[in-house]
Amino acid sequence: MAECGRKALSLLEAARSRYESLQISDDVFGESGDDSSDNPFYSTSGDSDSDNCIAEVGEEQQPQHQHHHPKRSGKDGALSGGAGGSSGAGPPGCLSHTQAEEEGWTETLQDVTVPPYNETHGPAQKMPATATALDFFQLFVPDNCIQNMVTQTNMYAKKFQERFGSDEGWRPVTAQEMNAFLGFVISTSVHRCESVLSIWSSGFFSNRSIALKMSQSRFEKILKYFHIVAFRPSQGSNQGLYKIQPFLDLLQQSFSCTFRPSQTQVLHEPLIDEDPVFITTCTERELRKRKKRKFSLWVRQCTSTGFICQIYVHLKENQGADGLAALKNKPQLHSLVAKQLCHNMSGKNVIIFTGPSITSLSLFTEFSKQDIYCCGLLSTRKSDCTGLPQSMLVCGSTPAQRGQSRVMMKGTMSLISWYNKGHFRFLTNAYSPTKQGMIIKRKSGDIPCPLAVEAFAAHLSYICKYDDKYSKYFIFHKPNKTWQQVFWLSISIAINNAYILYKMSDAYAAKRYSRAQFGERLVRELLDVGDCSPTQ
């Protein structure tokens, strides 16, 4: 037991060090410069560009704290029971005092210990010091995957022309051309140009050094017929993702085979919305032309490295009220997402951090039976609060002091209410309620808190910073077809994972490339450009 406790504390110490150094850009992306914002949990402000579940940490702030990233503008301003909230009857499904006692909730606390994590973590194979950016990328998108794209694209082109007439300008695509095609599109993530066709223009984003590798007309022909799966399978799948599902399956398998995550992981939606610069500068007509995403994407991500271990895509069924927008706040959808992301985690004693939309007593109880331990932020409006004591979910009439907390337990599950310029509530069976932690505030001093609160903040701060950086490197090419949007987003995730593996290999010691330089090097290697040295 003592050994288990020491390992848990060592994990937390590592997370503390990552937060305190605030060197995420150097740790993950190899770049210098100030971070874009403070962790919203530590600063209790909503200014971060990090992902949804992290931004929701500060949703109980005073009304003057507003989210001003375009993606965050629709976030809720306050929680019931928080600053600006009410002390009403509580959310649906919560228990009265008598019901809570009958269900086994008590203020008598007991120590909780998580069994040790016996899995080794880190890269699954050793890459040589001579490994190139393309070598790391091909861990996820190997040559046989490229060859499949060639075959399917040619099959689709042939069938299309049989139905709609011949295309005299078309000739079957080759593997070399397919690599170049990928390189051109990936270059939009390096140079941040809105249209890949800008490469062949005479404007600011023109790039003659790579434009000579393929004519614009040839690129557009390949783009017209590009496919992963040319035809719908005759049996089985009428799902909307049939054109991309084999690639997603291959990608998922490669993620699992190339990297073993640490014990602490997070389930969330990464930042994948439109470039905020474009949103603020484009015309109203351009905005209307943009189609809203018809899918949402969740990931399971290692909190020690930022490596995305698994992705899950949920399609919007239709444009009506029963589509994804309506499902967004439905606990059953998010519970399904969490189960899908953790389906192979049973028995490994992992610790999963979750945002309010996923956190629920029923889900955490089900996970605990599989030796999956959880620590999640609760929201009285976004979370499923069924089975939780009402007294812990509403504000009392007496103002709380900063750092003050209350805890109730049911078995090994702890429900925590902690105050820091607003009430923050957590549900966890991963950290002992009897142990205390500290929130580090550089200006106003340290704030006492339960250990689970510090662990949530320390581990999630890294993912918060990772997403801020990741949003700068997604592929800017914006196709209209949903399957293509999912494909290019998946490629972006694969490139970021490839860079993480590069940073953890001997190749990084030989040549230290930043994330931008790594991306440019990959583009040049895909295009087979003679000089693969990144521009400075």
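What counts, and where the lines are drawn
Residues numbered from 1 in each chain as written. Predicted model: local features only at pLDDT ≥ 70, side-chain atom pairs only at ≥ 80, totals over all residues. Heavy atoms only, no water. Helix = DSSP H or I, 4+ residues; strand = E, 2+ residues; numbered from the N terminus. Buried < 20%, exposed > 50% of the residue type's maximum accessible area, 1.4 Å probe, protein only. Areas by Shrake-Rupley, 256 points an atom, 1.4 Å probe, with all protein chains shown as cover. Disulfide = S-S within 2.5 Å. Salt bridge = Lys/Arg side-chain N within 4 Å of Asp/Glu carboxyl O. Polar contact = N/O pair within 3.5 Å; in protein donor to acceptor, adjacent residues only side chain to side chain. Contact = heavy atoms within 4.5 Å. pLDDT = per-residue confidence, 0-100. Pairing = 2+ DSSP bridges. Axes fitted to C-alpha atoms, helices over the stretch in contact; angles between N-to-C directions. Core = buried A, V, L, I, M, F, W, Y, C linked by side-chain atoms within 4.5 Å.

Structural notes on the overall build of the protein chain
Point 1. A count of helical and extended segments in the protein chain gives 20 helices and 12 strands.
Point 2. Looking at the protein chain as a whole, 55% of its 536 residues qualify as buried.
Point 3. Split by element, the accessible area of the protein chain, about 23,200 Å² in all, is 49% carbon and sulfur.

Observations concerning the state of the cysteines
Point 1. Tallied over the entire structure, the rule returns zero disulfides.
Point 2. Free cysteine: C374, not disulfide-bonded; nearest cysteine sulfur from C342 at 7.2 Å.
Point 3. Among the residues examined, C374 registers a relative accessible area of 0% and is labelled buried.

Details of the pattern of salt bridges
Point 1. Enumeration over the complete set of coordinates arrives at 11 salt bridges.
Point 2. One salt bridge in this structure joins D167 and K224, with 3.8 Å as the shortest N-O distance. Taken together, the positions of D167 in the loop between α7 (143–164) and α8 (175–191) and K224 in helix α10 (residues 216–225) put the pair 57 residues apart, joining distant regions of the chain.
Point 3. You can call K224 partly exposed: its relative accessible area is 45%.

Some words on the side chain of S432
Point 1. Here S432 is to be found in the loop between β10 (423–428) and β11 (436–439).
Point 2. Owing to a relative accessible area of 3%, S432 belongs among the buried residues under this scheme.
Point 3. Of the polar contacts made by the side chain of S432, one reaches the side chain of D111; its length is 2.5 Å.
Point 4. Beyond its immediate chain neighbours, meaning those up to four positions away, S432 contacts Q110, D111, V112 and L451.

Here we look at the confidence of the model for the protein chain
Point 1. Per-residue confidence for the protein chain gives a mean pLDDT of 79, with 74% of residues at or over 70.
Point 2. Counting interchain partners and residues more than four positions distant, the pLDDT-below-50 stretch residues 18–86 has 198 contacts.
Point 3. When the criterion is pLDDT under 50, residues 275–281 qualifies, and its contacts beyond four places in sequence or with other chains add up to 11 contacts.

Examining the sheet that holds strand β6 (residues 351–354)
Point 1. An order of β5-β4-β3-β6-β7-β10-β9-β8 is seen for the eight strands of this open sheet, with the pairing classed as mixed. The open sheet has two free edges, formed respectively by β5 (308–315) and β8 (405–410), since each of these has just one partner strand. Going across the sheet, the axis of each strand differs from the next one's by a mean of 15°, ignoring polarity.
Point 2. Pairing geometry for strand β3 (residues 264–268) and β6, over four bridges, is parallel. By the bridge assignment for β6, V266 is matched with F353.

Let's talk about the environment of Q152
Point 1. Topologically, Q152 is positioned in helix α7.
Point 2. Judged by its relative accessible area of 14%, Q152 falls in the buried class.
Point 3. The spacing of Q152 and F226 is 74 residues in sequence and 7.9 Å in space, taken between C-alpha atoms.
Point 4. Once residues lying within four places of it in the same chain are set aside, the contact partners of Q152 are H227, I228, V229 and A230.
Point 5. Side-chain polar atoms of Q152 contact the backbone nitrogen of A230, separated by 2.8 Å.

What to know about the pairing of β3
Point 1. For β3, the tally of buried residues reaches five of five residues, placing the bulk of the element in the interior.
Point 2. Because side chains alternate across β3, one face comprises the buried residues T264, V266 and H268, and the other comprises Q265 and L267, equally buried.
Point 3. For β3 and strand β4 (residues 295–302), the ladder comprises four bridges, and the chain directions are antiparallel. Residue pairing in the sheet places V266 in a bridge with Q301 of β4.

Some remarks on the nonpolar core
Point 1. The biggest cluster of nonpolar side chains holds 84 residues, and the ones touching the most others in it are F136, M149, F184, F247, F487 and I491.
Point 2. By residue number, the principal contributor to this core is helix α18 (residues 482–503), which donates 14 residues.
Point 3. With residues near it in sequence (within four places) discarded, F136 still touches M127, A131, A498, L501, Y502, S505, A507 and F518.
Point 4. Formed by 32 residues, the second largest nonpolar core is a distinct cluster that contains L333, I358, M413 and L427.

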